[in-house]
Every structure is written in structure tokens, then in C-alpha cells.
Amino acid sequence: MSKRNIHLLFILLTIFFCQPLFAHPSCGPAPDSLLKLSSSFEQLSSRTRVAAARELSNSRIDFNAHQAIMQQGKTFVLIKNEIESARNFLRQGYSYQVIRYEIDRLTEWKVLAGEGVITGKDDLQSVRNLTTTSILLKELLNRTNNRLRQIIAYHNTLGQFQNKLDSLLMDSVMYIVPNDSVALIRYFQRLSVLNKDYEPVRIPLKTALDSIEQLEIKVNLIKFSLESDIAETESQRKELFGKIGILEVGTFGRGINNDRPFREVVAFSLGKAELVLVFFIVNHFSTLILMGLFIIGLALYLAMLNRKTRETGIPEKLNDHQLALKHPFSSATLLVITIFQFFLPLPPYVFTGLLWITSGIALSVIMRNSITPHAYRAWIIFFVLFIFVYADNILLRQSVLERWLILMLSIAGVATGIYVLAGIKKHEIKEKLILLFIGLMVVFEIMAILNYLTGGYNQAKTFMASGFFTVIVVYLMYWTARLANETLQISLKFQKGNEDEDQREQGEKLEKKVPFYLYLLFFAGCFILITRNYYFYQTMFEPLDEMLIATRTIGAFTFTYKSVFIFILVLFLSGVISRIVSFLAADNAAIQGKTKSGGLGSWLLLIRIAIITLGVLLAFISAGIAMDKFAIILGALSVGIGFGMQTLVNNLVSGLFIAFEKPVNVGDIIEINGQTGKMKSIGIRSSVVTTWDGANVIIPNGDLLNQHLVNWTMGSSRRRFDILLGVAYGTELEKTKQLLLDLMSKDPRILKHPEPIVLALEFNNSSIDLALKFWVPHFSIGFDVKSDLILAIDLLFRENGIQIPFPQRDVHIIPSPEQDETPPGADDL
């Protein structure tokens, strides 16, 4: 507080306390001097009030000016920060040249996709050209929308920078000029620095906004053009589909440009096919990589099965019938590709055909020397004809040469089908289900010939291709089911073990019967693979697809049926993979005479837990479920644990302790609750122990840790056995000891280190007790060695005259003196 303000405050306080004294009525009339003094004080009070009001106004002005300067400083800092953010964002740059190049490419691809349908229309539209054009235009529209979203996001960011800078620069506080000279100089310095910083950003920011707006306009024009072309294409497809009947009349020759060389038709078709194929591979590259990994993993699994089959001593004739084991890579390729097709979202025909050709090559390797020569020749002919049909179906425009090719392929299909069906009785073809579809193929090819004769191009080509597709798909599906069944049967055989010899003999005869529902799945799978590239399939299942991807709401939780299916599928696959890893790494009951796995069993539990945990996380991510929902589920589980799941959690946690501490491992010989057996498996919740009687005892992991557990083979598989025996008094102990030591040294199953020993224990009532102590390399053979030694010792003692005494008692009957006469029969005693 200033000196002047202190002085004024003192005067005001004096007036406040003294004014009541002068005005008090008890004092009587005041003299003139006092009246003059009072008048002076009133004048002083009035002046003081005016001065105080003026000081208050000046303080308010100073306060407002100070606040304005502070707010102005904050605004300067905000503008500076925003300029730096905009400069850094602009320094990152934007790929304008790449986008312009992509726009040019989109324009070129759009022209190529619409050729023959949108531009340069053919008089007769082919089904294949319309389908390929529709796929390409939708893919181009999808790419355009993705790029447009990126451009709009970048445009919005630039616009936010510009709007924020403009709003800060237009703030009125920026234009309050300080009255103080020092503050005024600082104000102009800040303005000068701000202008220097803003000018290098303002022009590039405006240029970037103008450029991105131009790109957005161009991409929007391409988008609108693509949407229009798609609508036109779908209209033509719908119109052509409405004209489809059993026979198509008078379309051959229409639209054939005799001036267009066949080479040009091929180049045009291959250009579109290549574009479709590249787009599909790029969009689903991760899925295709996953398919390749599944092929490699399944091939390794089948190779492991083959190795274990040989180690178990399964008869060679059984192994000959297991084609999946003889050709692991080819079988894995066929199984994975055939099954994986159902998880690919409507793959284009050019890609589907390549998958079928790859699977067909693998099937050719598998079927060689495994079916009759007649059936194998039939397959090879069908497969070669299918390759020609695949090549013909890639052609998108009709030509004279293709017209003759359709006729020749249809006739070849009829001839091959009749050749196969005619040799049923002679060659005893076992694949009766395939013969049914070969007959259906012959019908299709006859319909193709009839449409050819009536001049129907699209119908002839459709029937011709559908006939061969039917046969190839049925072959692939049939052999996939057969190989999968064989693989499953062998896996189940190893899982159950082969302790019982009768069960082993029955297990060698694999079950051939197939449940009825599998036939339904077989026909449904064939129908989907054959027809899903046709227009009617897409129109029929489009509502189903929309239903699967439609968003559903339960309270605040949103989901789709597709996300639920993906969630369940990922969880199922994680469980299957964990079991496969367990099978490949663990010792199996079917392999006899193997030593323990060296601690892998408990680590295997951790691997399974890691796989399942990763599967759960991937299931949540794949289904699009937010992790906060996962936290809610964990909270609900914690409540459940508190109320009634303590035992379950105890077993789960005990499983983790067993995995880390390794008090017991797979293959160990343990004793618990008076039962002795071999640890067969260690699970997440419980473990399985196989007793010597062949029973599998399921023990919760918590019981393994809470009860007294004896592990006979924890540190080593070696085990010491004892044999107790007695010799008669008078036996040469040194000779007996040496004989026993020599006997044990001759047995190769008894370890030399530690050495076997013979100890004299004690003098018993009727014998001198001895103890034989020896070590065997593995617990499982100890009882056999002990039994053989007992038999050998008995024979050895007989040969050397050594007696093994047994307790004897002499009973003396003394008659009572009181009895005078001998009881009857006493002499006989």
C-alpha cells in the first residue's frame, strides 16, 4: 500500500470516530469555534470521499489493465503453441503426389473394369464379365472411400488448425494497447515475434487447405462415378438373371466382333483377372499367411503322428491305409485349403480356381497307388479338363474360338463321365458318392450341349463349367472328409492309449461309418463352394449377411452375430491348438519304454495356459469387444470366486504352482492316498494318474499340493529295491554273500553304481536274516528284476545246499499225574 493511501485511510478513520462526538446532544450547543472546526471537517470529509472514489476508479482501471495484459500473455502463448503444432503437422507432410498417382490409377482401373459393360458395351453381355466388373467396381469404390476418409480426416485437422488460429487472432484482448510505456514496448515486441512466426505457417497452411480441397473434390467425383457404374452393372446383372431359363435361344454369335482377335480377348480378360486377384490377395494377405501357417503346422502334426505310429509298433498294413500319414504335406494342403475356403469372404472365381488346382495337385499325389488305376485315370482326366474349363471361364468376352471350346469341353465331359460310369462293375470303384455327382455332371454337360445347339452362350458356358466344378469340388470334399476322419481316429487312438491288446487290435480297424449329419454338412459344403460365385447365391444370402453384420443392442452393450461367431470360433481354435501342442510335446501312453520327458510336462501346462489366454484376448479383439467390457467380466468373476468358486480357483492356481515349482512332472511315478501310478498328464484344473491296474485317476491339482505326495522319480528314474531272506544256522555266510553278489552282478538290469550289496541283519529265532539291496535304472522294471532274482536265488540255494528255514515248533504233551489210566487212544498218539 502506497504512502498516500495510508494517509487517506488515517483521515477517514479519524472522521469516523470523531464525528459522533461533535454531534452528541448531551454536549449542548457548540461554540462558534467548534462549528467552524466541524465545517472544516465536513469539507475535509467530502474531499476525502471524492479522492477515495477517484483512487478506487484508478485501481479498477489498473486492475483491468493488469488482467488484460495477463490474458493477452496467455493468448500469445496459445497462439505460439498452435503455430508450433501446425508447423510440426505440416512438416510431416502429406503424400499429395501419391494420392494424385492413386487417383490416376483409380481412373485407369475404372475404365478397365467398365470396359464392355459401361463403355464399349457388347451386344451380348456375358455373365462372367458382369460379375468381374461388379467385383472390380465395388473394390475400387471401397478403396476410394478409404482414401476419401483419410483425405477428410487430414482436411479436418488442417481446418481445425486454421479455425483455432483465426479465433485466437480475432480475440479482442489481443488488441488492448497498454498505457504504460514499458508494457507498450513489450506488447509491440510480442506482436512482431508473433507475426514472424505466423507468416511462415499461414501461407503453407492455406496452400495445404486448397490442395486437399481439390483432392477431395476429385476423389468425390470418382466416388460418384463408381456408384453410378455399380448401379448400372447391378441393373444389367439383375436383368440378365431374370432371363435365365433351362434353355437360352439365339445368343450365340451376337456381340462377336470378328475384327477383335482372340489374343485381344485373352489380354483383356487376363488384365481384369489379374486386377481382381491382386486386390483380393492384398486385402486378405494376413488371412492367407495364416492359412499357410496352418498348412505347415498340420503337416508337422501329421509327420509327428506318423513317427509315433511307427514307434508304437502298429502293424504296417494299418499305416499303408493311413494316407494322411504317408503324405503329410499334401494331406495338410488339401485339408487346410478345402476347409479354409469357407472362412474367406466370397473369393473371386480366379482365386477360387487357383485354390482348387492347388488342392487337386495335392490330391493327385495322395491318390497315386492308393486307388484303382481306372479311378485314378478318371480323376486325372477330370482334373486336366477342369484346368481347361478354368482357363475358358476366365475369358470375359465371347469369341468364335471359345464357342468351339465350350462344345468340345462339354462333349469331353459327357464322354469321360460315361467312361467312368461304364467301368463301375468291372473295376469295383469304391467311391459311390462321387459316382452320383459324376452322373450329375453328365446331365449338366448334356444341358450345355443343348444350349449350344439352340444358340445360348451364357447358359451353355454356365452348365459346362458347373458340371466340372461339381465333380472337382465333390472329389476334394470327399477326400478331405476321409483324410480328416483318418487323422481324427489316429489322434483319438493315441489319446486313449493302447494298454489293452484287444483294444489295440480293434483300434487298427478304423471306423468307416459316417453319421447322417455329416452327409448334410457334406452336401451343404459342396453347394456353397460350387454356387457362391453365381449371382443367385449372392442375392439369396445377401439378407443373411446383412443380418450377421447388423448391430444389436442389449442395454449399453452392442454386438453383431458375426462378432459372436468370431468370438466363439477363436476360443474353440485356441483350445484345439493347446491340445495339439500338448499331444505333440507330451509323452503318450501309446509309446512304451520311453523315459520321462525331462520336465517338459509342467512347462507344457504353462504353454497351454499362455495359448488359451492369448486366444481369449484375440477373441475379444477379433469380435471388437472393448477391453472395459473385459474388466467388467473379470469383476463378475471375482464376485463368483468369492461366493462359490474357491475350489475351482484353488485348483487353477495349484496348477500354476505345479508348473513353476515342478514337484511332479509327466511320466513321474508318484504315490498319493495309498495309490501308486504314473503321472499321465497335468491339466489346468486337474491331473491324471494311471495306476498299475490300468485305471486313470483324476486328481484335482489342489489335492496334489495339499496332501502328502511321494514322487519316486522326481530327481531320477533310478530306484533301489530290497529282498529280505533268511538262511539256516550253520550256513557259511561269506560263501552265501558271495554267491548272491555274483548272481546280482550277472543281471544287466542291475546298476553297477551304486553297487549291489548283501547285509547280514540279525540273528532271528530260526534263521540268520540277510538283505539284498540293488539299484535299477528305471522304476518300472524294478518289480520284474526283483521277481527274477527271487526265482534265481531259490535255484541257487538248491544247487549249493543252502536252506531257507521256516519257523518250527516241537509240542510235548505231558499227561496229568492225577490220571490213573491212560485215556483211550493215547497210545496211538
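Position labels on residues start from 1 in each chain and follow its written sequence. The predicted nature of this model means local features are confined to residues of pLDDT at least 70 and side-chain atom pairs, given and counted, to a pLDDT of 80 or more, with totals for whole chains, interfaces and linings taken over all residues. Heavy atoms throughout the structure, all of them, feed into the side-chain values; hydrogens and water do not.

Caption draft 1: Up close: helix H25 (residues 733-746). Its 14 residues give H25 an end-to-end C-alpha distance of 20 Å, which sits within 8% of 20 Å, the value for a rise of 1.5 Å per residue. For H25, the set of buried residues is Thr 736, Leu 739, Leu 740, Leu 743 and Met 744. Here the buried residues of H25 occupy an arc of 130° about the axis, which is enough to place them on one side. Set apart from the buried face of H25 by more than 90 degrees, the exposed residues are Glu 734 and Lys 746. A contact between two residues is defined here by any heavy atoms of the two lying within 4.5 Å. The way it works is that DSSP assigns letters per residue, a run of H or I at least four long becomes a helix, a run of E at least two long becomes a strand, and they are numbered from the N terminus. Elements in contact with the buried residues of H25: strand E8 (719-727), strand E9 (757-763), strand E10 (768-776) and helix H26 (782-799). Helix span is expected to be 1.5 Å times the residue number reduced by one. Burial here depends on accessible area, computed with a 1.4 Å probe over protein chains only, as a share of the maximum for the residue type. Under 20% is buried, over 50% is exposed, and the range in between is partly exposed. Taking the helix axis as origin, the arc is that swept by the directions to the C-beta atoms.

Caption draft 2: Spotlight on the pairing of E10. In terms of burial, E10 is a largely internal element, eight of the nine residues being buried. Strand pairing requires that DSSP identify at least two bridges connecting the strands. Bridge analysis of E8 against E10 gives nine bridges, and the strand direction is antiparallel. Residue pairing in the sheet places Val 727 in a bridge with Ile 768 of E10. Of the strand pairs in this sheet, E9 and E10 are connected by six bridges, and their pairing is antiparallel. In the sheet register, Phe 763 faces E10, and the bridge partner there is Ile 768. Connecting E9 to the antiparallel partner E10 that follows it, the hairpin turn spans four residues.

Caption draft 3: Here's a closer look at the sheet that holds E10. What the three strands build is an open sheet, ordered E8-E10-E9; its pairing is antiparallel. Here the strands that pair on one side only, and so sit at the sheet edges, are E8 and E9. Within this sheet the neighbouring strands show an average axis-to-axis angle of 25°, counted without direction. Between the N-to-C directions of two axes lies an angle of 0 to 180 degrees, each axis being a line fitted to C-alpha atoms and, for a helix, fitted only over the stretch in contact. In the packing of H26 onto the sheet, contacts are made with E8 and E10, and the angle to E8 comes to roughly 25°.

Caption draft 4: Local environment of the packing of aromatic side chains. Aromatic pairs are defined between Phe, Tyr and Trp rings, using the six-membered ring for Trp, whenever the two ring centres lie within 6.5 Å; interplanar angles under 30 degrees are classed as stacked, those over 60 as edge-to-face, and all others as tilted. Counted under the stated rule, the structure contains 18 aromatic pairs. Both rings, one in Phe 386 and one in Phe 469, keep their centres 6.0 Å apart while their planes meet at 70°; by these two values the pair is edge-to-face. Placement of Phe 386 in helix H12 (residues 373-394) and of Phe 469 in helix H16 (residues 457-496) is noted, with a sequence separation of 83 residues between them. The two residues Phe 386 and Phe 469 agree in class, both being buried. Through pairs of rings, three or more aromatic residues link up here, namely Tyr 349, Trp 356, Phe 386, Tyr 390 and Phe 469. We call a charge positioned above a ring when the Lys NZ or Arg CZ atom is no farther than 6 Å from the ring centre and deviates by at most 35 degrees from the ring normal. The aromatic ring of Trp 775 is capped on one face by Arg 718, whose charged end is 5.8 Å from the ring centroid. One residue, Arg 719, lies across the ring of Phe 721, its end atom 4.9 Å from the ring centre.

Caption draft 5: Representation of the pattern of salt bridges in the model. A pairing counts as a salt bridge when a side-chain nitrogen of Lys or Arg comes within 4 Å of a carboxyl oxygen of Asp or Glu. Evaluation of the coordinates by the stated rule reveals 21 salt bridges. The partner of Glu 139 in a salt bridge is Arg 143, with the nearest N and O atoms 3.0 Å apart. Within this pair, Glu 139 and its partner Arg 143 are both found in helix H4 (residues 127-169), separated by four residues, close to a single helical turn. Residue Asp 722 pairs with Lys 773 through a salt bridge whose shortest N-O separation is 3.2 Å. With Asp 722 in strand E8 and Lys 773 in strand E10, the pair connects residues that are 51 residues apart, well separated along the chain. Residue classification places Asp 722 among the partly exposed residues on the basis of a relative accessible area of 27%. By relative accessible area, Lys 773 is classed as buried at 16%. Each of Lys 80, Glu 84, Arg 87 and Asp 197 takes part in one network of salt bridges that share partners.

Caption draft 6: Examining the packing of H4 against helix H6 (residues 262-283) more closely. At their nearest, the axes of H4 and H6 sit 10 Å apart, and the two run at 45° to each other. Classified by the interaxial angle, the pair formed by H4 and H6 is oblique. The chirality of how H4 crosses H6 is left-handed. Contact with H4, carried on its side by Asn 129, Thr 132, Thr 133, Ile 135, Leu 136, Glu 139, Leu 140 and Arg 143, involves Phe 268, Lys 272, Leu 275, Val 276, Phe 279, Val 282 and Asn 283 of H6 and no other residues of that element. Residues belonging to the contact of H4 with H6 are distributed by class as follows: eight nonpolar, four polar and three charged. Angles are sorted into four bins: roughly parallel if under 35 degrees, roughly antiparallel if over 145, roughly perpendicular if 65 to 115, and oblique for all others. We call a crossing left-handed when the near helix sits turned anticlockwise from the far one by less than a right angle, and right-handed when that turn is clockwise. As a working rule, the residues Ala, Val, Leu, Ile, Met, Phe, Trp, Tyr, Cys and Pro are called nonpolar, Asp, Glu, Lys and Arg charged, and the rest polar, with Gly in that last group.

Caption draft 7: Highlighting the pairing of strand E3 (residues 669-672). With four bridges joining them, E3 and strand E4 (residues 675-682) adopt antiparallel strand pairing. Within E4, the position partnered with Glu 671 by the bridge is Thr 676. Here E3 hands over to E4 after two residues, with Asn 673 in that stretch at a positive phi of 55°. The pairing of E3 with strand E7 (residues 710-711) spans two bridges and is classified as antiparallel. For Glu 671, the partnering residue across the bridge sits in E7 and is Val 710.

Caption draft 8: Focus on the nonpolar core. Here the nonpolar core consists of buried residues drawn from Ala, Val, Leu, Ile, Met, Phe, Trp, Tyr and Cys, with membership extended through side-chain atoms lying within 4.5 Å. Core analysis: the largest hydrophobic core is formed by 120 residues, its most contacted members being Leu 158, Tyr 475 and Trp 479. Sorting elements by how many residues they give to this core places H16 first, with 17 residues. Ignoring any residue separated from it by four or fewer positions in sequence, one finds Leu 158 in contact with Phe 89, Leu 90, Leu 205, Ala 208, Leu 209 and Ile 212. The next biggest cluster of nonpolar side chains, apart from the first, holds 21 residues, and it includes Leu 725, Val 758, Leu 770 and Leu 796.

Caption draft 9: Fine view of the side chain of Arg 128. Looking at where Arg 128 falls in the secondary structure, it is placed in helix H4. Positive charge is attributed to Lys and Arg, negative charge to Asp and Glu, and no charge count is given to His or to the chain ends. One buried charged residue, Arg 128, remains without a salt bridge, the closest side chain of opposite sign being Glu 402 at 8.4 Å. From its side chain, Arg 128 meets the backbone oxygen of Asn 393 in a polar contact 2.7 Å long. Every residue in contact with Arg 128, bar those within four places of it in the chain, is listed here: Tyr 349, Asn 393, Leu 395, Leu 396 and Lys 461. Contacts described as polar in this section are N or O atom pairs within 3.5 Å, which, within protein, must combine one atom able to donate a hydrogen with one able to accept it, while residues neighboring in sequence count only if both atoms come from side chains.

Caption draft 10: Inspection of the sheet that holds E7 at higher detail. Pairing in this open sheet of five strands is antiparallel, and the strands run E6-E5-E4-E3-E7 from one edge to the other. Where the open sheet ends on each side, the last strands, each with one partner, are strand E6 (696-700) and E7. Of the strand pairs in this sheet, strand E5 (residues 686-691) and E6 are connected by five bridges, and their pairing is antiparallel. Across the sheet, Val 688 pairs through a bridge with Ile 698, a residue of E6.

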